[in-house]
Amino acid sequence: MADELLSPVRTPQRAQAWTQSYAPLPGIPDEFIGPDGTPRAYWRGFLDALGQFDQDDLDQRLATAERRIREGGVSYRIQGETNEQSWPLSGLPLLISQAEWNEISAGVVQRAQLLDRIIADLYGDGRLVRDGALPAAVVAGSPEFLRPLAGAKPFGGRWLQFYAADIGRGPDGRWWVLGDRTQAPSGAGYALANRLVTSQAFPGLYRDMNVQRLAPFFRAFRDGLAHAAERSDPRICLLTPGAFSQTYFEQAYLARYLGFLLVEGADLVYADGKMHVRTIAGLKRADVIWRRIDAEWCDPLELNGASRLGVPGMVEAIRQGKVSMANMPGAGLLEARAFQAFMPGLARHLLGEDLRLPNIATWWCGQERQRGEVLEQLDHLSISGAFANQLPGFDGRHSALVSELSPAERERLVEAMTARGMDYVGQEVVRLSTTPAWETSGDRARLVPRPFVLRVFAAATPDGWQVLPGGFCRVSDRSDARAVSMDASVRSADVWVLSDKPVEMETLLPSGDDVRIIRLLGNLPSRAADNLYWFGRYLERVEAILRIVRALVAKALDPDAPTRVDHGPAERLQRLLVSWDAAPRVVASSLSLDMAQSALHDENNYGSALSNTIAARRAASSIRERLSPDVWLLVGRLENILRKPLGQSAVEAGVLEQSEQALQVIAAIAGFVNENMNRVAGWNFLDMGRRIERSINTLRFVSQFAGDDADLELLDVLLDLIDSQITYRSRYLTGATLAPVRDMAMLDAFNPRSVAFQAGRIEEHLAGLPSLRETGMLEQPRQIALKLKGDLAVEDARRLNSQAIYDYENRLVALAIAVADRYFLHDASEPSPGKVRGLA
Amino acid sequence: MIYDVTHVTSYEYELPVASADFMLHLTPHEGNGQHVIKTRIEIDPPAMDMQARQDFFGNRTTVLKISRPHQALDIRTVSRIEVERPQVPAAALTRPWETVARDALNAPSLGPQSPVHFLYASRLAYLSTPATQFARASFAPGRPILEAGIELMTRIRDEFRYVPGTTAISTPLDQVFEQRSGVCQDFAHLMIAGLRGLGLSAAYVSGYIRTIPPRGRPRLQGADASHAWVSLWCGAEFGWIGLDPTNALLIGDDHVEVAIGRDYSDVSPVKGVFIGSGRDSLSVSVDVAPVTA
């Protein structure tokens with residue numbers, strides 16, 4: 001740590017030291033140091049307050065914030081990677097004064113209005129093109145000009161419901177619009193998560209600085225969506241591309257926060273001119289769809305036929321005016337850079353006003369005069385694709401600063417711009433302003449200026465456009481302020497808009513932003529039910545494998561164990577593992593330890609404990625909005641335990657210990673689920689999955705160890721596997737005998753591990769689910785379950801034999817199939833990977 | 001000339017399919033030198049819900065849903081069409097291609113016929129340097145656009161072999177270029193890509209060509225299936241002119257147009273999504289017979 005930071009120096013000295021060592025980049029505006037060369041008042045106030053904390057405390061608060069981000073699962077996925085990354089949080093918020101914010105906000109509102117009108121015109125009357133305000137070729141060139149939407153009339157009239165502008169402060173000190181996000185803007189959820197963490201790290205500071213709250217905006221956004229729907233009390237769905245989307249975390253987070261139904265394309269269906277959600281209670285109308293998938297993928301019939309993310313018929317439902325979209329498919333066309341060239345003129349044409357926030361000076365090279373101007377000042381400009389994200393002809397590049405091109409590249413670019421100028425725009429090179437960030441070199445932490453981009457969000461509400469007072473700020477790790485592209489090495493920062501007067505407490509909680517506004521869970525989508533159910537089944541399968549492994553290793557450890565080789569307990573335990581594909585083949589009992597390890601860790605065995613844990617996590621990842629963060633955390637911990645290899649020198653005790661640890665985590669998950677999960681349909685499915693899996697597994701155990709050929713030793717293993725050794729001993733003075741053991745494992749309704757107990761719970765779950773039959777007749781799963789429960793209740797253990805036990809197993813498998821047929825999606829064109837794998 | 005066109009698309013599914021959604025571009029459009037006397041589509045098993053509409057480009061589409069389980073599906077379209085196209089202008093009379101390119105870019109309309117829609121890279125006819133270079137050889141500075149277009153079409157016919165089965169819709173243009181063979185879609189996409197690379201406006205046309213040639217003339221390629229060719233915008237005075245690079249023919253009374261789009265994906269005859277898990281196999285048969293009065 002730096003000397004001046006370690007010493008017990010208090011404010012104002014520490015803040016002074018930070019200030020003195022801070023050097024803005026020459027010629028570039030800075031958020032901390034104003035144009036007059038002195039620190040802005042609010043930054044001084046902020047640093048003074050920060051200086052009150054001693055360095056250890058400060059470090060700890062920042063570390064806690066980082067950890068909360070990580071553990072809360074605030075993450076994103078980098079393209080091409082399968083694992084999620086935590087979103088790195090900058091330790092300092094971006095501060096913006098109220099006066100400045102008012103200007104930004106007014107500019108963003110003006111722009112949102114303007115863009116909405118442009119889009120409505122281009123898909124509607126087409127006056128802008130007819131009047132010559134916009135060349136037809138600019139519109140036609142955008143791949144997001146979706147022709148099937150031409151003539152569509154959005155219910156409520158808005159093409160744009162949720163808009164974001166990327167802005168930055170230019171060299172002249174004004175805020176500039178760098179880009180428009182009209183398709184499906186991301187980042188608002190991250191802004192919310194950042195706020196939660198930052199405000200909790202510095203609660204006093206947050207309060208004293210009069211930071212504007214975010215919650216009212218989200219409430220207004222929700223009202224706006226509800227208002228746009230045909231029915232009152234509409235069902236609002238957030239349409240996600242799925243768990244492999246880069247920003248899936250954010251989508252799940254927002255769905256949870258706003259009380260929207262998180263759906264994938266397969267959850268939706270078009271019928272009778274309307275959109276519906278497939279739920280366990282049948283089709284339910286989807287009134288509003290907030291889409292986070294690009295428009296092109298919304299409808300495989302009318303848009304991109306390769307899409308498996310969308311819903312055939314969605315465009316038709318839109319044309320019928322029966323579903324409200326946020327945003328309308330096709331709204332994304334204004335993201336094309338070429339439009340920037342026409343915005344100043346369009347503002348005057350449509351609104352009779354100048355743009356309140358200028359955008360970067362842009363020339364579309366499809367017009368001869370503009371192209372001429374670009375070619376004249378080429379070396380001072382940045383060239384980008386007019387419509388595409390990539391620079392056409394230069395694979396993998398977003399844009400080119402002409403001054404940095406080689407002569408050959410420059411020549412190639414000029415040639416391409418001459419042949420097809422319409423594919424290119426020239427843009428002024430903007431050097432972005434900087435804001436303070438922490439830089440640690442060795443032990444020294446100091447403030448350094450770093451360029452940033454701010455994404456500002458606006459929502460259409462019944463009272464007009466409202467702007468989120470804050471936003472999603474990305475701070476570059478490099479000091480090159482021309483680097484507009486901020487893909488690599490960025491951190492995100494909370495954005496504090498500092499009110500002139502104390503901010504009203506909007507909610508009861510101090511941070512003000514972690515309040516769920518409403519819970520509109522409604523009916524459980526079939527896909528969510530499916531994933532919850534399989535999450536339960538996979539976890540239970542892991543538990544069964546762990547128990548077998550434990551028994552197997554214990555046998556290997558027992559010096560008194562009889563040395564019988566054929567059909568002994570070790571071989572039977574091994575056979576169970578092999579039948580579940582937890583291990584490749586039965587081996588000599590002296591190798592049981594190796595086999596146990598393989599059944600725990602080996603990902604190549606697709607039925608190993610680890611493989612089933614991964615499958616459980618995969619199922620959980622697409623229902624994240626329905627599981628508490630604690631459960632998510634524990635599943636991760638279970639995987640970590642099972643991934644830890646014990647190595648060659650592993651001893652029995654090590655394997656035992658690992659199994660115990662894993663079993664404890666599973667117990668903790670079960671505890672969280674039972675204690676904390678709302679008793680709505682989701683819980684029914686999760687628990688039912690566990691119960692069905694457990695009853696099938698228990699019957700398999702009984703067949704192996706309490707069949708007609710069972711002996712004392714085998715029965716003993718069964719009691720271990722079903723955790724009933726102690727109960728048995730306290731109830732029966734004799735050693736294990738067949739009928740009592742069978743009774744305990746299968747029929748004893750007081751034993752929470754018996755099959756009868758599971759059948760009782762399953763029947764209760766099914767009774768609690770909605771019925772599709774209006775006649776009052778029972779649906780098939782419930783019929784099977786009731787009969788099973790009754791038969792087990794009147795069964796006599798002394799009459800049981802191997803065949804009868806096997807018959808019960810088959811009836812449970814039939815029940816599992818009936819449950820899947822009745823409640824889950826039958827879209828086998830998208831089978832969940834790993835689901836078709838021999839699990840009963 | 002009057003033709004009876006029968007187009008049958010048959011799907012067989014390995015496992016029963018629960019439901020299926022289709023969008024069809026099977027009904028020939030009206031106008032541009034052709035008149036549809038009658039046309040109908042038969043679906044087996046019958047569709048629950050079948051709706052006809054026009055798409056953005058004025059093509060006639062049919063959307064249908066089959067919501068009962070089925071293991072085979074037939075889509076049969078039968079149409080009677082009268083074709084009598086106007087004379088194609090003399091190529092030398094068309095304007096220099098650079099002027100036409102400029103006019104296309106500056107066209108002040110977003111209407112369905114406007115050349116602005118067909119200027120840019122599209123999903124299957126994306127810009128490709130080899131295609132552009134190939135096209136450029138025919139487009140000397142100042143050359144009349146149709147003259148250059150006809151030469152390009154003829155060079156494709158001469159230098160590429162028509163070999164069914166070596167390509168699929170998803171085969172990249174560059175590969176078609178490399179192997180110098182393909183089918184009508186490939187040649188159409190290739191020619192479109194080359195023309196657009198030069199800044200010209202070119203559309204994709206799906207349709208049919210007569211099965212049995214008139215006496216004394218060779219049987220044309222692409223007669224037993226859907227055919228495809230190119231329509232080139234030749235300036236405001238001449239508009240769109242059809243060129244068939246597979247046969248090196250200007251579009252005349254031997255061709256029946258069905259639909260026009262930016263590439264195959266805009267006008268694919270049968271586009272479908274079904275819910276089912278097995279494989280599916282597809283067979284298509286087309287018959288175009290002149291009606292003798």
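Residues numbered from 1 in each chain as written. Chains lettered and ligands numbered in written order. Predicted model: local features only at pLDDT ≥ 70, side-chain atom pairs only at ≥ 80, totals over all residues.

Looking at the overall build of chain B
When its secondary structure is counted, chain B shows six helices and 15 strands. Whereas a compact globule of 293 residues would reach a radius of gyration of roughly 19 Å, chain B reaches 19 Å, a difference of no more than 12%. With respect to the principal axes defined by its C-alpha atoms, chain B has extents near 60 × 45 × 40 Å. By the burial criterion, 47% of the 293 residues in chain B qualify as buried. (Helix = DSSP H or I, 4+ residues; strand = E, 2+ residues; numbered from the N terminus. Rg over C-alpha atoms; globule rule 2.2 N^0.38 Å. Buried ≥ 20, exposed ≤ 12 C-beta atoms within 10 Å, placed from the backbone.)

Points about the overall build of chain A
Of regular secondary structure, chain A possesses 28 helices and 22 strands. The proportion of buried residues among the 840 residues of chain A is 50%. At a minimum sequence separation of 6, the contacts of chain A that also span at least 24 residues come to 71%. (Contact = placed C-beta atoms within 7 Å.)

Focus on the environment of Ser-199 of chain A
Mapped onto the secondary structure, Ser-199 of chain A falls in helix α8 (residues 188-201). As a C-alpha pair, Ser-199 of chain A and Asp-121 of chain A span 78 residues in sequence and 43 Å in three-dimensional space.

Looking at the sheet that holds strand β9 (residues 274-279) of chain A
Residue and element names in this part refer to chain A. Judged by pairing direction, the sheet is antiparallel, and its three strands sit side by side in the order β8-β9-β10 without closing on themselves. Two strands bound the open sheet, and with one partner strand each, they are β8 (268-271) and β10 (282-285). Neighbouring strand axes in the sheet, compared pairwise and without regard to direction, differ in orientation by 45 degrees on average. Pairing of β9 with β10, which is carried by four bridges, proceeds in the antiparallel orientation. Across the sheet, His-276 pairs through a bridge with Arg-285, a residue of β10. (Pairing = 2+ DSSP bridges. Axes fitted to C-alpha atoms, helices over the stretch in contact; angles between N-to-C directions.)

Quick look at the packing of helix α17 (residues 569-579) of chain A against helix α18 (residues 592-601) of chain A
Axes are the key here: two packed helices are described by the angle between their axes and the distance separating the axes. Residues and elements named next belong to chain A. As a packed pair, α17 and α18 sit with axes 11 Å apart at the nearest point and diverge in direction by 25 degrees. With respect to each other, α17 and α18 are oriented roughly parallel. The way α17 lies across α18 gives a crossing that is left-handed. Contacts between α17 and α18 involve Ala-570, Gln-574 and Leu-577 on the former and, on the latter, Ser-592, Met-595 and Ala-599. Across the contact of α17 with α18, the residue classes break down as four nonpolar, two polar and no charged. (Parallel < 35°, antiparallel > 145°, perpendicular 65-115°, else oblique. Left-handed = near helix turned anticlockwise from the far one by under 90°. Nonpolar A, V, L, I, M, F, W, Y, C, P; charged D, E, K, R; others polar.)

Notes on the nonpolar core
In this structure, Cys-237 and Val-456 of chain A together with Met-191, Tyr-204 and Val-230 of chain B are the most contacted members of the largest nonpolar core, which totals 230 residues. The leading source of residues in this core is helix α5 (residues 98-123) of chain A, at ten residues. Contact partners of Cys-237 of chain A, with chain neighbours within four places excluded, come to Phe-260, Leu-261, Val-263, Val-277, Ala-286, Val-288 and Ile-289 of chain A. Formed by 97 residues, the second largest nonpolar core is a distinct cluster that contains Leu-546, Leu-573, Leu-634 and Phe-685 of chain A. (Core = buried A, V, L, I, M, F, W, Y, C linked by C-beta atoms within 7 Å.)

As for the sheet that holds strand β2 (residues 19-27) of chain B
All names here are of chain B. Reading across from one edge, β4-β5-β2-β14 is the order of the four strands in this open sheet, with antiparallel pairing throughout. Each of the sheet's edge strands pairs with one partner strand only, and the pair in question is β4 (49-54) and β14 (270-275). Neighbour-to-neighbour, the strand axes of the sheet open up by a mean angle of 15 degrees, direction not taken into account.

Section: the pairing of strand β22 (residues 495-498) of chain A
Residue and element names in this part refer to chain A. Burial along β22 is two-sided: Val-495 and Val-497 and Trp-496 and Leu-498, pointing in opposite directions, are all buried. In this structure, strand β3 (residues 94-97) lies alongside β22, joined through four bridges in parallel fashion. Each bridged residue has a counterpart across the sheet, and for Ile-96 the counterpart in β22 is Val-497.

Structural notes on the confidence of the model for chain B
Overall, the predicted model of chain B reaches an average pLDDT of 91, with 98% of residues at or above 70. Reported confidences for the modelled complex are a pTM of 0.86 and an ipTM of 0.94. (pLDDT = per-residue confidence, 0-100.)

Brief notes about the pairing of strand β11 (residues 240-244) of chain B
Residue and element names in this part refer to chain B. With four of five residues buried, β11 lies mostly within the body of the structure. Taken together, the four bridges between strand β10 (residues 227-233) and β11 define a ladder with antiparallel strand orientation. In the strand pairing of β11, Val-230 is matched with Leu-243. Remark: six residues form the turn of the hairpin made by β10 and β11, two consecutive strands paired antiparallel; Gly-235 in that turn has positive phi of roughly 100 degrees. Direction of pairing for β11 relative to strand β12 (residues 249-250): antiparallel, over a ladder of two bridges. Residue pairing across strands places Asp-244 opposite Leu-249, the latter belonging to β12. Here β11 folds back onto β12 in antiparallel fashion, the turn holding four residues, of which Ala-248 has a positive phi close to 55 degrees.

Considerations on helix α23 (residues 712-721) of chain A
Listed in full, the buried residues belonging to α23 of chain A are Leu-714, Leu-715, Val-717, Leu-718, Leu-719 and Leu-721 of chain A. Backbone geometry just downstream of α23 of chain A places Asp-723 of chain A in the positive-phi region, at approximately 60 degrees.

Some words on the environment of Arg-446 of chain A
Residues and elements named next belong to chain A. Within the element layout of this structure, Arg-446 appears in strand β18 (residues 444-461). Arg-446 gets classed as partly exposed once you count the C-beta atoms within 10 Å, which come to 18. On a C-alpha basis, the gap between Arg-446 and Ser-21 in space is 7.3 Å, while along the polypeptide they are 425 residues apart. Ignoring any residue separated from it by four or fewer positions in sequence, one finds Arg-446 in contact with Trp-18, Ser-21 and Glu-439.

Structural notes on unusual backbone geometry
For the bond from Ala-326 of chain A to Asn-327 of chain A, the omega torsion is -10 degrees, close enough to zero to count as cis. The residue Asn-327 of chain A is located in the loop between β12 (324-326) and α13 (343-351) in this model. With an omega dihedral of 0 degrees, the bond running from Asp-44 of chain B to Pro-45 of chain B counts as a cis peptide bond. A positive phi angle, near 55 degrees, is found at Arg-180 of chain B, a position not held by glycine. Mapped onto the elements of the fold, Arg-180 of chain B is located in the loop between α4 (173-179) and β8 (181-182).

Here we look at the packing of α5 of chain A against α13 of chain A
All names here are of chain A. Taken N-terminus to C-terminus, the directions of α5 and α13 make an angle of 80 degrees; their axes are 10 Å apart at the nearest point. Put simply, α5 runs roughly perpendicular to α13. Contacts between α5 and α13 involve Leu-114, Arg-117 and Ile-118 on the former and, on the latter, Leu-346, Ala-347, Leu-350 and Leu-351. A per-class count over the contact of α5 with α13 returns six nonpolar, no polar and one charged.

Thoughts on the environment of Ser-21 of chain A
All names here are of chain A. Relative to the helices and strands, Ser-21 is located in the loop between α2 (13-20) and α3 (41-51). Residue Ser-21 is classed as partly exposed on the basis of its 13 C-beta neighbours within 10 Å. As for Ser-21 and Leu-401, which are separated by 380 residues in sequence, their C-alpha atoms are 32 Å apart. Sequence-distant contacts of Ser-21, defined by excluding residues within four places in its chain, comprise Arg-446 and Leu-447.

Considering the confidence of the model for chain A
When pLDDT drops low, the exact placement of atoms in the prediction is not to be read closely. Residues and elements named next belong to chain A. Averaged over all residues, the pLDDT of chain A equals 86, while 89% of them reach at least 70. Scored below 50 in pLDDT, residues 1-9 makes 15 contacts in the model with residues more than four places away or belonging to other chains. Confidence drops under pLDDT 50 across residues 507-521; counting only partners more than four residues distant or on other chains, this segment forms 34 contacts.

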